[in-house]
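Architecture and fold: a report
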Amino acid sequence: MSVSPPIALPLDPAARADLAAMAEDTIAKGSKSFAAAAKLFDAETRRSAMMLYAWCRHCDDTIDGQVMGFARRPLATPASGEKRLALLEAETLAALRGEPTSHPSFRAVADVAARHGLPQELLLQHLQGYRMDVEERHYATVSDTLAYCYHVAGCVGVMMSMVMGADEETTLDRASDLGIAFQLTNIARDIVEDARAGRVYLPAEWLADADLRPGDLADPRQRPVVSLVANRLIDLAEPYYASAFFGLRALPPRSAWAVATAHGVYREIGMQVKALGADAWDARVSTGRRQKLGHVARGAAKAALARRGGLPARSDALWTRPRATASTD
């Protein structure tokens, strides 16, 4: 990937340590699954990964009116959502220029971009995912849903791969696949909660196949049918998880271990949703401490296994991310 140097310079060690501590606290409260996997990174990679996550979390919370991904308030009006998004874009770009910002997560992501050569375009692609929410985008087809998954998660996978030092285009494709798989799992797990908040990420063509309307997704009487649609999402995620597995071979050993652990944790959430059927939304599906520890152990074996044998070609049937281009500024 061709990358122009960020304008902001990396932070000094003391400032970076302070921001990393903030980011670690953010992860501990906002994503126990990511927190468990992040502990396996080497110290420097872990700091950058957490600081990138802190920016993503801040952006998500700002748009949704949440705290650490929880306590969602009613959706903002499109006008107020646009204002929040415009502020996020302005402050992200200001941080990349080395200018002061209102929240430490912007300085954190600017440091990550400077250290690892993240293109500005990737950060803006992620913010585009929030624009889709603000605009209450309609997802007519599977391709539309996958494009959303890329913007909110796949491009984060691409940035994470670059943080780990793996920036070959073929590897970044696999990293995007993993982010897409994660998001498909999240959509399946959160169908009912999202529908209550007025958000539907399922392809309209799938709803038509199931004779469902968007308002039916939050109706308990429709749970058996909703579970069948959720199963389609989980099945759709499987080839993306499979593709991402082979991307592990390009990562440094500890990074591969961490990513393999996250791969297992998130995939299991999808398998639980599928196994629970119509009962999957009685409580939020998650993995417990013992299950996470099991994935930590299996993650090391998966990372080693991914390095054996030849590398299968990535399937042409998979949705493929847009290529980021270098800034000419």
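Residues numbered from 1 in each chain as written. Predicted model: local features only at pLDDT ≥ 70, side-chain atom pairs only at ≥ 80, totals over all residues. Heavy atoms only, no water.

1. Some details on the pattern of salt bridges
Summed over all chains, the structure comprises 28 salt bridges. Close ionic contact of Arg 131 with Glu 82 constitutes a salt bridge, the shortest N to O distance being 3.1 Å. Here Arg 131 is found in helix H6 (residues 120–134), whereas its partner Glu 82 is found in helix H4 (residues 78–96), with 49 residues between them in sequence. Two residues, Asp 190 and Arg 189, come together in a salt bridge whose shortest N-O distance is 3.1 Å. We classify Asp 190 as buried; its relative accessible area is 12%. What makes Arg 189 buried here is its relative accessible area of 13%. Taken together, the shared-partner salt bridges in this structure form one network comprising Arg 16, Glu 44, Arg 47, Asp 111 and Arg 115. (Salt bridge = Lys/Arg side-chain N within 4 Å of Asp/Glu carboxyl O. Helix = DSSP H or I, 4+ residues; strand = E, 2+ residues; numbered from the N terminus. Buried < 20%, exposed > 50% of the residue type's maximum accessible area, 1.4 Å probe, protein only.)

2. A look at the packing of aromatic side chains
Per the stated rule, a full pass over the model turns up seven aromatic pairs. Aromatic pair Tyr 150 and Trp 319: ring centres 5.7 Å apart, planes at 40 degrees, arrangement tilted. Within this pair, whereas Tyr 150 is found in helix H7 (residues 142–163), its partner Trp 319 is found in the segment after helix H13 (289–306), the two being separated by 169 residues in sequence. Across the pair, Trp 319 and Tyr 150 agree in class, each one buried. With a centroid separation of 6.2 Å and an interplanar angle of 55 degrees, the aromatic rings of Phe 182 and Tyr 241 are classed as tilted. A residue pair is termed long-range when its members are at least 10 positions apart, and Phe 182 in helix H8 (residues 169–189) and Tyr 241 in helix H11 (residues 223–247) qualify at 59 residues. A relative accessible area of 15% means that Phe 182 is categorised as buried. Aromatic ring contacts, followed pair by pair, group Tyr 139, Tyr 148 and Tyr 201 into a single cluster. (Phe/Tyr/Trp six-rings, centres within 6.5 Å; stacked < 30°, edge-to-face > 60°.)

3. Points about empty space enclosed by the protein
Empty space among the atoms becomes apparent when a probe as large as a water molecule is rolled across them. Counted by the stated rule, this structure contains two cavities of 30 Å³ or more. The space that makes up the second largest cavity amounts to roughly 40 Å³. Ile 187, Ile 191, Asp 194, Ala 195, Arg 199, Val 200, Tyr 201, Leu 202 and Leu 217 together form the lining of the second largest cavity. No other element matches the three residues that helix H9 (residues 191–196) contributes to the lining of the second largest cavity. Considered class by class, the residues forming the lining of the second largest cavity number seven nonpolar, no polar and two charged. (1 Å grid on protein atoms, 1.4 Å probe; cavity = no way out; pocket = protein on both sides within 12 Å on 5 of 7 lines; lining within 4 Å. Points joined across faces, edges and corners; volume = space filled by probe spheres on them. Nonpolar A, V, L, I, M, F, W, Y, C, P; charged D, E, K, R; others polar.)

4. Things to note about the packing of helix H3 (residues 43–64) against helix H5 (residues 104–116)
One can describe the packing of H3 onto H5 by two numbers: an axis separation of 8 Å at closest approach and a directional angle of 135 degrees. Between H3 and H5, the interaxial angle falls into the category oblique. Here H3 and H5 pass one another in a crossing that is left-handed. Here Ser 48, Met 51, Leu 52, Ala 54, Trp 55 and His 58 of H3 come into contact with H5, specifically with Ser 105, Phe 106, Ala 108, Val 109, Asp 111, Val 112, Arg 115 and His 116. Residue composition of the contact of H3 with H5, grouped by class: eight nonpolar, four polar and two charged. (Axes fitted to C-alpha atoms, helices over the stretch in contact; angles between N-to-C directions. Parallel < 35°, antiparallel > 145°, perpendicular 65-115°, else oblique. Left-handed = near helix turned anticlockwise from the far one by under 90°. Contact = heavy atoms within 4.5 Å.)

5. A word on the side chain of Arg 131
Note on Arg 131: relative accessible area 18%, which makes it buried. For Arg 131, the residues in contact, after removing those within four places along its chain, are Glu 82, Leu 85 and Glu 89.

6. A closer look at unusual backbone geometry
Phi at Glu 136 takes a positive value of approximately 50 degrees, unusual for a residue other than glycine. With respect to the helices, strands and loops of the structure, Glu 136 is situated in the loop between H6 and H7. The phi angle at Asp 211 is positive, at roughly 60 degrees, despite the residue not being glycine.

7. A word on the environment of Tyr 201
Inspection of the secondary structure assignment puts Tyr 201 in the loop between H9 and helix H10 (204–209). A relative accessible area of 8% means that Tyr 201 is categorised as buried. The sequence separation of Tyr 201 and Met 160 amounts to 41 residues, and the corresponding C-alpha distance is 24 Å. Here Asp 133 takes part through its side chain, which lies 2.8 Å from a polar atom of the side chain of Tyr 201. A distance of 3.3 Å separates a polar atom in the side chain of Tyr 201 from a polar atom in the side chain of Tyr 148. (Polar contact = N/O pair within 3.5 Å; in protein donor to acceptor, adjacent residues only side chain to side chain.)

8. A few points about the nonpolar core
Among the nonpolar cores identified, the biggest contains 101 residues, and Trp 55, Leu 184 and Tyr 240 are the most heavily contacted of them. Ranked by the residues each element gives to this core, the list is headed by H7, at 14 residues. Contact partners of Trp 55, with chain neighbours within four places excluded, come to Thr 92, Ser 105, Phe 106, Val 109, Leu 123, His 126, Leu 127 and Met 159. (Core = buried A, V, L, I, M, F, W, Y, C linked by side-chain atoms within 4.5 Å.)

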